[in-house]
Amino acid sequence: MEATLSAIEHLGYIQSDTISVIQRAHHHTLWNRNPRYKPEQLDQLIADKHVFEYWSHAAAYIPMCNYRYSLPRKQALACGDLKHFVFVYLSRFIPSNFTINTSFTRMDSLGSLGFR
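Quick summary incoming for the structure in this document. (Residues numbered from 1 in each chain as written. Predicted model: local features only at pLDDT ≥ 70, side-chain atom pairs only at ≥ 80, totals over all residues. Heavy atoms only, no water.)

## Focus on the sheet that holds strand E3 (residues 59–63)
Spatial ordering of the open sheet is given by E1-E3-E2, a layout of 3 strands whose pairing is antiparallel. The outermost strands of the open sheet, each flanked by one partner alone, are strand E1 (14–15) and strand E2 (51–55). Two strands pair when backbone bridges link them, and E1 and E3 are joined in this way by 2 bridges, in the antiparallel orientation. For Ile14, the partnering residue across the bridge sits in E3 and is Tyr61. The sheet strands contacting helix H1 (residues 2–11) are E1, E2 and E3, and the helix crosses E3 at an angle near 105 degrees. (Pairing = 2+ DSSP bridges. Helix = DSSP H or I, 4+ residues; strand = E, 2+ residues; numbered from the N terminus. Contact = heavy atoms within 4.5 Å. Axes fitted to C-alpha atoms, helices over the stretch in contact; angles between N-to-C directions.)

Structure follows, in structure tokens:
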């Protein structure tokens, strides 16, 4: 498991991938860097708080040593100074009188476990 954490820390993050043909792509990335990698290791690294899930430019697994870099964006989103880019992007296609379920705005604070 230490080699898996080391790979994530070295890369800076692993983009989470929901498409699964053989296995989800982020697992392939870790297998290529750690031949002994098993998918359960990523779950354990999250449970042990060595890695966290966050939406950086995409859903990603990020080492906890980089957690502090996510705080300014999280604070800006929480106080309304910054809108999640999904809303900015979608606002071009959604009529101005359309309302979005407010529970969806909490997506930024949820990990993928909230969507299983």
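So that's the structure; there's more coming.
## Quick look at the pairing of E2
Counting buried positions along E2 gives 4 out of 5 residues, so the element sits mostly inside the fold. Sheet analysis places E2 next to E3, joined by 5 bridges and oriented antiparallel. The partner of Phe52 across the bridge, within E3, is Ile62. (Buried < 20%, exposed > 50% of the residue type's maximum accessible area, 1.4 Å probe, protein only.)

## Describing the packing of aromatic side chains
This structure, assessed with the given rule, holds 3 aromatic pairs. When the ring of Trp31 is compared with that of Tyr37, the centres are 5.9 Å apart and the planes differ by 75 degrees; the resulting orientation is edge-to-face. The partly exposed category is assigned to Trp31, whose relative accessible area is 29%. Each ring, one from Phe52 and one from Tyr54, has its centre 6.4 Å from the other, and the planes form 45 degrees; the classification is tilted. For the pair Phe52 and Tyr54, one class covers both residues: buried. Three or more aromatic residues joined by ring pairs make a cluster, and in this case those are Phe52, Tyr54 and Tyr67. The residue whose ring lies beneath Lys74 is Tyr54, and the NZ or CZ to ring-centre distance is 4.8 Å. (Phe/Tyr/Trp six-rings, centres within 6.5 Å; stacked < 30°, edge-to-face > 60°. Lys NZ or Arg CZ within 6 Å of the ring centre and 35° of its normal.)

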